[in-house]
Every structure is written in C-alpha cells, then in structure tokens.
Amino acid sequence: MTEDRYKQAAGAWTGIGFQLALAVVKGVFGLAAQSKALLADALYTGAHAVGAIAAMNEGRTASSREASPISKSGLSPVATILLAVLFMVGSVEIAVTAVKSILQGVEHPPRMTALIIIVSSIIVQELWAQYQRRVASQTGGSQISPATLGRRGDLLASLAACIGISGSWAASYAGLPALYMLDPLAGIIIAASVMGRSYRLLLSGAQRTQPRTLHQEDAQDLLETVQRIKGVISIDDLQAKEEGHYVRVDVKISVNPRITIYEGHEIAKTVKQVLMKRFIHVTDVMVQVFPYDPGYPYKHGNVEHDDMPTLLH
C-alpha cells in the first residue's frame, strides 16, 4: 500500500509539473506572438495546476496524513489565497487589455507562432491524458489524480483560444480585418473563466484558514495513544483542530490525585512529547491535568487510590 501511495504521489506531481511547464510555454509565446487568447489560456493552465496542488489538502484526516507520502505537500492556505489573488489580477488585466484592443480596433492577427503553440498544446494535452489513463490502468489505480481534475475545462479553454487565434488568421486571408477581434474576444472569455476558477481557489484557501475540528474517528489514534501513556487514568476531553496542513490538540486528562504537582507536570509533558513525536502533523499540544474522581466516570466502581498508576510507580 505504501508503494502504491508513493506511485500515486509521483504521478500527481508529474502531472502538476507538466501543467506548470505548459503554462510557462504558453505565456512566453503568448507575449511574443501578441495573442491575448494564448496569454489567457496560459493563465488558465497555471490556475489549473495551482488548484490541483491545493486539492491535495482536501479531505485529509489525521490518520491519512501520517500514512500519506505527500502529507506535507500542497499549498498552505495563505499561499493559496495569494496565488488566487494574483490569478484574478492577471485575468482582469488581460480582459481589460483585450477590451481596449477591441474598442481601439485590432490592426493585425497574432503571429503564426501563437497558432502553432496552441494547436501543439492541445495535441500534447490529449496525448498526456491518454498516457496517464494507460499508466493508471496498468498500476490498478482507481482514484483520479488532483492534476487531472478540471482537465476538460482546461481543454475547452485551449479550444476557445485555438478558435480565436485561427479565426483571426482566417480573417486575414479572407480580407476581413474586422474579425481580427476574435483573438482578444477569446481572451476575454477565457479570462472570465480564470476569474471564476481563481474565486473558487480563494474560497478554498479562506476556508482552510479556519480551524476545523476533526471527527471522532479521525482523532481515535490520538485518543488511543494518550490512553497508553503511563500515569494517565482517563481522558476527560480531547479536541483536535486542523489548521491548514497541521493539527493542534487540546486534551484534558485525569491522574492519581495523590501524586505531587511535579509528577502531574511530568505526565503532561510526556503526553505532549509522545503526541508530537508520534504524529508529525501535530504542531502543538495543550494538556490540562485534573485529579481523578473515582465517582466519575466509574460511579459504581471502587477504585483504591493506591492502585492508580502514577508516573513514578
């Protein structure tokens, strides 16, 4: 199972790396070819890759964090928000520039390089998707990689850019300069899609900045670990709150009421050290120590104080 997880993680990061490289190529040639559509498509591809990285954080539990080889991968909530804002600003800039270009009148279509790059990118994306599906079928993978989420939207954005660029070139051969606006018009449409994707990414990052209490089944490993620590008689309460990549634990424990304050402090110290060493995603542990009350929760029990475990005996 561990080997399969590493293969899935490697496949996910390879796909994300491919998307980022494709976005850079589109952006560089979009600037060189003066194509608004290709620039907007580059931004869309980049937003897709960032969204895939952020998706690695979704639905992760305390137990799955420990077992997953990509437990600390993905973007922090702050980084996600910042990148989402940058993508929104970039898409607005492209849209505004495209609108100005249309209002002022487009004098020429984008360079032929833009058409070559967009057609090549569509072919490469489809070949890459076929390769990923073939690898997944060979390895028996059943889950969709985060890098493949939204691939249809990415392909549609590239097709829109291709239509805009090729339409502008067709207009130049047909002697219809008024249709040169197809390229910036496609850029506006794609930029609007980037705004929507960036907004969803922004909401995702904002939601992950809010502490989220783990479900009981997710915190079960924490409970069992604390219960096995010598000196802990019972756990009165345990709250594990997820904050971005990490987890903060608040735990209340009961100890032998006849031990010294020093012993109680040492037990609390041991609880904190064990949890932070055992669970690498736990970054802080707050331990409150209370004297054990034999009337609660074992109201009908007869527990002798001398039989209670302590840290030293």
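Here, the structure is the one placed above.
### Quick notes on the overall build of the protein
Next, step 1: Broken down by element type, the protein carries 9 helices and 4 strands.
Next, step 2: Seen in sequence order, the protein has helices and strands lined up from the N terminus as α-α-α-α-α-α-α-β-α-β-β-α-β.
Next, step 3: Going through the 313 residues of the protein one by one, you find that 41% of them count as buried.
Next, step 4: Element-wise, carbon and sulfur atoms account for 61% of the exposed surface of the protein, whose accessible area totals about 16,700 Å².

### Structural notes on the packing of helix α2 (residues 36-55) against helix α4 (residues 77-104)
Next, step 1: Taken N-terminus to C-terminus, the directions of α2 and α4 make an angle of 165°; their axes are 10 Å apart at the nearest point. As the angle between them shows, α2 and α4 are arranged roughly antiparallel. Read as a crossing pair, α2 and α4 show a hand that is left-handed. Residues K36, L39, A40, L43, G46, A47, V50 and A54 of α2 form the contact with α4, whose own contacting residues are T80, L83, F87, G90, S91, I94, T97 and A98.
Next, step 2: Here the residues of the contact of α2 with α4 are counted per class, giving 10 nonpolar, 5 polar and 1 charged.

### Details of the pairing of strand β4 (residues 282-291)
A regular strand places its side chains so that they alternate between the two faces of the sheet.
Next, step 1: As paired elements, strand β3 (residues 246-255) and β4 share 9 bridges and run parallel to each other. By the bridge assignment, S254 is partnered in β4 with F290.
Next, step 2: Following the backbone out of β3, through helix α9 (residues 261-278) and into the adjacent parallel β4, one traces a crossover that is right-handed.

### With respect to the pattern of salt bridges
Next, step 1: Under the defined criterion, the tally for this structure stands at 2 salt bridges.
Next, step 2: With a shortest N-O distance of 2.7 Å, K26 and D41 are connected by a salt bridge. Pair noted here: K26 is in helix α1 (residues 2-33) and D41 is in helix α2, with a separation of 15 residues, a long-range link. Here K26 matches D41 in class, with each residue buried.
Next, step 3: A salt bridge links R248 to D250, with the shortest nitrogen-to-oxygen separation between them at 3.0 Å.

### Notes on α9
Next, step 1: The end-to-end C-alpha distance of α9 is 26 Å, a good match for the 26 Å that 18 residues give at a rise of 1.5 Å each.
Next, step 2: Those residues of α9 that fall on the buried side of the exposure criterion are E263, G264, E266, I267, A268, V271 and L275.

### So, the nonpolar core
Next, step 1: In terms of nonpolar packing, the biggest core is built from 26 residues, with L38, I118, I165 and I190 touching the most fellow members.
Next, step 2: Looking at this core, the elements that each hand over two or more residues are α2, α4, α5 (112-139), α6 (151-174) and α7 (182-208).
Next, step 3: Not counting residues up to four positions away in its chain, the partners in contact with L38 are K26, F29, G30, A114, I117, I118 and I165.
Next, step 4: Grouped together as the second largest cluster of nonpolar side chains are 23 residues, A219, L222, L223 and I253 included.

### Comments concerning the packing of aromatic side chains
Next, step 1: The tally for this structure, following the rule as stated, stands at 3 aromatic pairs.
Next, step 2: Aromatic side chains W128 and Y131 sit 5.5 Å apart centroid to centroid with 40° between the ring planes, which places their arrangement in the tilted category. Of this pair, W128 and Y131 both sit in helix α5, separated by 3 residues, roughly a single helical turn.
Next, step 3: Among the residues examined, Y131 registers a relative accessible area of 41% and is labelled partly exposed.
Next, step 4: Taking 5.8 Å as the distance between ring centres and 35° as the angle between the ring planes, the aromatic pair formed by W169 and Y173 counts as tilted. Of this pair, W169 and Y173 both sit in helix α6, separated by 4 residues, roughly a single helical turn.
Next, step 5: Of the residues examined, W169 reaches a relative accessible area of 19% and is grouped as buried.

So, how was this worked out
Residues numbered from 1 in each chain as written. Predicted model: local features only at pLDDT ≥ 70, side-chain atom pairs only at ≥ 80, totals over all residues. Heavy atoms only, no water. Helix = DSSP H or I, 4+ residues; strand = E, 2+ residues; numbered from the N terminus. Buried < 20%, exposed > 50% of the residue type's maximum accessible area, 1.4 Å probe, protein only. Areas by Shrake-Rupley, 256 points an atom, 1.4 Å probe, with all protein chains shown as cover. Axes fitted to C-alpha atoms, helices over the stretch in contact; angles between N-to-C directions. Parallel < 35°, antiparallel > 145°, perpendicular 65-115°, else oblique. Left-handed = near helix turned anticlockwise from the far one by under 90°. Contact = heavy atoms within 4.5 Å. Nonpolar A, V, L, I, M, F, W, Y, C, P; charged D, E, K, R; others polar. Pairing = 2+ DSSP bridges. Right-handed = clockwise from strand over helix to strand, strands pointing away. Salt bridge = Lys/Arg side-chain N within 4 Å of Asp/Glu carboxyl O. Expected span 1.5 Å × (residues − 1). Core = buried A, V, L, I, M, F, W, Y, C linked by side-chain atoms within 4.5 Å. Phe/Tyr/Trp six-rings, centres within 6.5 Å; stacked < 30°, edge-to-face > 60°.

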